[in-house]
Amino acid sequence: MGRWKRFTKRSSARIGIIAVVIFLVVAAFAPWLAPYGYRAQNLNRVLEAPSHDHLLGTDEFGRDVLSRIIYGTRISLAVGAIAVGIGMTVGTILGAIAGYWGGWMSLVIMGLVDVVWSFPTILLAIGFVAVLRPGLTSAMIALGLVTWPSYARMMRAQVLSLREKEFVEAAKAQGLTDTRVLIRHIGPNAMSPIIVLATLGMAGAILVESALSYLGLGAQPPAPSWGAMLSSGRNFIYRAPWLTVAPGLAIMFVVLAFNLCGDALRDAFDPRKV
Amino acid sequence: MRTYLFRRILLMIPVVLGVTVVVFLIIHLAPGDPVLLLVGERAPQEVYDRVRHVWGLDRPLIMQYFTFLGNVLRGNLGMSIQMRRPVAELLAGAIPVTMELGFAAMAMAVFIGVISGVISAVRAGSAADQVTMVGALLGVSVPGFWLGQLLILLFAVHLQWLPVSGYGGLKYLILPALAMGFADSAVTARTTRSSMLDVIRQDFVRTARAKGLGERVVIYKHALRNAMLPVVTLIGLDLGYLLGGTVVMEEVFSRPGMGRLMINGILSRDYPVVQGVLLILAISVALCNLLADIAYVLLDPRIRLQ
């Protein structure tokens, strides 16, 4: 059975894919799906409970919570994708260099991996954001900078095992340069576990971004970040509990969707399960 | 064993040095002039120059790093710009608060995770197994700080059993520890389940059953003991990460630990404080990793013999 078939055979994978597609559609068509603008204030209707007009209620500025959650999908998915993109690019390049050429380069790169791994992800991300100044761009860069070691380690292990294979020797015998062998022949064969890591990494990046925004270090007002919405909802926990419940559910569902896909991909790519 | 320990400790030295370099660079490459923060925008040039000299900021970066390293080794983490107190003193007050939450969350995670993992493995495929695994999946997907807010909503706002936030005693510890422990218990439960599933299929478990031992004795005395190896390692590794996670949870529950100290430091651009917290937490994680490795070797005689 092919990997893709093994992947789609799992009901959890199907649920995960459908959920991810739904979130992508919501993000793409947010202006058409949201009943109000994410900045549209109505000071006559502040902290209103869920009603027919405002399905998830309103916040302290009378803004529609549902609309802000719909627009917030864009922030979460964009941050996740860009952070994973940065982490994956940096990590796979460094991991491939360490695995293919080894020697002192491997020693330095893997030493750096060990150092970065000594910091809890959220902590180092906070440190970078502090330096880069709080904001969404800083959060994306920080997340990329703290997540690359996982990709580097995985890529190095992949390259180490692949570089001894016959097809690599055949490519070298054809007179291809090392860089070409690495990019054209080893790279594509090493990508399966990297894709799994990236899928699970999306979930992790979205969680950390929401935590950063919750702490006031990620998206800045009036951007409709789910983490920031939870943070401001904390001040009205007695009067308006819906401000606490709805954005949290949105974070949980999107993270769950990527975790479901990532888990299923990992099982589908696991050679022991073939 | 001694050689292994010696090598492992020796390997930790470059990592810790690397941590000090990263922390030093993060803070020193930050945009903005720390001298201006100290003296203010309107200070005369000679005051600015004097402060810059006193703080050693006019020296080359590499020299500043060695001074920083020397100070760290002597326990001097600098002065807080905002609070005008030694960072080490501020940390001394905050570390016990963070450690208390970290250990309580860990205890909660182990308690929930191991029990649910064992039940799930022993009844693999049953409804209990399915519920536990769905719970574990939710656990890794729920943002801890949101769970914290939900617990506040339920137990503090509606039921009024526990305080909303603050510090000082067990009643202030339960909700944050539960919020952090739940997420972590998911990973522990998954690891315990998969390790137990491996162990209960092995011959020695079959032999224990064949001897006529009760199922409880077989599971808890024979199987669980052997299945705990990866779990113990995970606990060691997780403790460091839980200490990092406290940064957010302390903000949710207004606990005066290292996390709050760091966030306040960032918002007021009090870099020595940020530097101190980052350094101490990263070294704690490195130490936890070392302890996890040592525990692994101590628990598994096969590794010791290798």
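Residue positions are counted from 1 within each chain, in the order its sequence is given. Naming scheme: in the order in which they are written, chains are lettered from A and ligands are numbered from 1. Where totals are concerned, whole chains, interfaces and linings use all residues; where local detail is concerned, this predicted model gives features only for residues with pLDDT of at least 70, and gives and counts side-chain atom pairs only at 80 or more.

Caption draft 1: Representation of the overall build of chain B. A run of DSSP states H or I qualifies as a helix once it reaches four residues; a run of E qualifies as a strand once it reaches two. Both are numbered from the N-terminal end. Scanning chain B for helices and strands turns up 13 helices and 0 strands. Listing each helix as α and each strand as β along chain B from the N terminus yields α-α-α-α-α-α-α-α-α-α-α-α-α. Seen along its three principal axes, the alpha-carbon backbone of chain B occupies a region of about 85 × 55 × 30 Å. Burial is judged by counting other C-beta atoms within 10 Å of a residue's own C-beta: 20 or more means buried, 12 or fewer means exposed, and anything between counts as partly exposed, with every C-beta placed from the backbone. Counting the 306 residues in chain B, one finds 41% classified as buried.

Caption draft 2: Spotlight on the overall build of chain A. Counting secondary structure elements, chain A contains 11 helices and 0 strands. The helix and strand sequence of chain A, counted from the amino end, reads α-α-α-α-α-α-α-α-α-α-α. With the C-alpha coordinates of chain A rotated into their principal frame, the extents come out at 75 × 45 × 25 Å. For chain A, the residues scored as buried account for 49% of the 274 residues in total.

Caption draft 3: Summary view of the interface of chain B and chain A. Contact between two residues is assigned whenever their backbone-derived C-beta positions fall within 7 Å. Residue-level contacts link 38 residues of chain B with 33 residues of chain A. With 8 residues, the single largest contributor to the side of chain B that touches chain A is helix H10 (residues 215-252) of chain B. Gly counts as polar in this scheme, as do all residues outside two lists: the nonpolar Ala, Val, Leu, Ile, Met, Phe, Trp, Tyr, Cys and Pro, and the charged Asp, Glu, Lys and Arg. Along the lines of polarity and charge, the residues of the side of chain B that touches chain A split into 31 nonpolar, 6 polar and 1 charged.

Caption draft 4: The nonpolar core, seen in detail. By definition, a nonpolar core groups buried Ala, Val, Leu, Ile, Met, Phe, Trp, Tyr and Cys residues that connect through C-beta atoms lying within 7 Å of each other. With 164 residues, the main nonpolar core has Ala125, Ile126 and Val129 of chain A together with Met262 of chain B as its most contacted residues. No other element matches helix H9 (residues 178-214) of chain A, which puts 18 residues into this core. When near neighbours in sequence (up to four residues on either side) are disregarded, Ile126 of chain A contacts Leu212 and Leu217 of chain A together with Val247, Met262 and Ile266 of chain B.

Caption draft 5: Geometry of helix H9 (residues 203-210) of chain B. For H9 of chain B, the tally of buried residues reaches only 0 of 8 residues, placing the bulk of the element at the surface. Remark: Gly212 of chain B follows H9 of chain B within two positions and exhibits a positive phi of approximately 95°.

Caption draft 6: Spotlight on the confidence of the model for chain B. How sure the predictor is of each residue is captured by pLDDT, a score from 0 to 100. Put simply, chain B has an average pLDDT of 86, and 97% of its residues get 70 or more. With pTM at 0.88, the complex prediction returns an ipTM value of 0.88.

Caption draft 7: Focus on helix H11 (residues 242-269) of chain A. Expected helix span is taken as 1.5 Å per residue step, with the number of steps being one fewer than the number of residues. Along its 28 residues, H11 of chain A runs 41 Å from first to last C-alpha, staying within 8% of the 40 Å computed at 1.5 Å per residue. Burial within H11 of chain A is extensive, with 20 of its 28 residues counted as buried.

Caption draft 8: Broad picture of the packing of helix H8 (residues 170-199) of chain B against H10 of chain B. Residues and elements named next belong to chain B. It is at 9 Å that the axes of H8 and H10 come closest, and there the two elements cross at 155°. Judged by the inter-axis angle, H8 sits roughly antiparallel to H10. H8 and H10 meet at a crossing whose hand is right-handed. Residues Pro176, Ala179, Met180, Asp184, Val187, Thr188, Thr191, Thr192, Ser195, Met196 and Val199 of H8 pack against Ala223, Asn226, Ala227, Pro230, Val231, Leu234, Asp238, Leu242, Gly245 and Met249 of H10. Only C-alpha atoms enter the line fits that serve as axes; for helices the fit covers just the stretch in contact. Angles between N-to-C directions range over 0 to 180 degrees. Reported orientations rely on four angle classes, namely roughly parallel under 35 degrees, roughly antiparallel over 145, roughly perpendicular from 65 to 115, and oblique for the rest. In this scheme the crossing of two helices becomes right-handed for a clockwise turn of the near helix relative to the far one and left-handed for an anticlockwise turn of less than a right angle.

Caption draft 9: Highlighting the environment of Ala246 of chain A. Residue and element names in this part refer to chain A. Take Ala246: it is sitting in helix H11. Taking the number of C-beta atoms within 10 Å as the measure of exposure, Ala246 has 21 and is therefore buried. Put simply, Ala246 and Leu66 are 180 residues apart on the chain and 8.2 Å apart in space, counted from C-alpha to C-alpha.

Caption draft 10: Focus on the confidence of the model for chain A. Here chain A averages 89 in pLDDT, while 98% of its residues score no lower than 70. Mean pLDDT across the secondary structure elements of chain A bottoms out at helix H1 (residues 3-9) of chain A, with 77, and peaks at helix H3 (residues 30-33) of chain A, with 96.

Caption draft 11: Molecular detail of the packing of helix H5 (residues 103-117) of chain A against helix H7 (residues 136-162) of chain A. Residues and elements named next belong to chain A. Two elements in contact, H5 and H7, have axes separated by 9 Å at closest approach and are oriented at 135°. Relative to H7, H5 is oriented oblique. The two elements H5 and H7 cross, and the hand of that crossing is left-handed. Across the interface between the two elements, Ile109, Val113, Val116 and Trp117 from H5 touch Val146, Pro149, Ala152 and Arg153 from H7. In terms of residue class, the contact of H5 with H7 is built from 7 nonpolar, no polar and 1 charged.

Caption draft 12: Layout of the environment of Pro35 of chain A. Residue and element names in this part refer to chain A. Inspection of the secondary structure puts Pro35 in the loop between H3 and helix H4 (65-101). Given 12 C-beta atoms within a 10 Å radius, Pro35 is considered exposed. C-alpha separation for the pair Pro35 and Ile70, spaced 35 residues apart in sequence, amounts to 9.4 Å. Not counting the four nearest positions on each side in its chain, Pro35 is found in contact with Asp64, Leu66 and Ser67.

Caption draft 13: Expanded view of unusual backbone geometry. All names here are of chain A. For the bond running from Pro221 to Pro222, omega is 5°, close enough to zero to count as cis. Examined against the element boundaries, Pro222 turns out to sit in the loop between H9 and helix H10 (226-233). Here Leu47, not a glycine, exhibits a phi torsion of approximately 50°, which is positive. For Leu47, the position within the fold is in the loop between H3 and H4.

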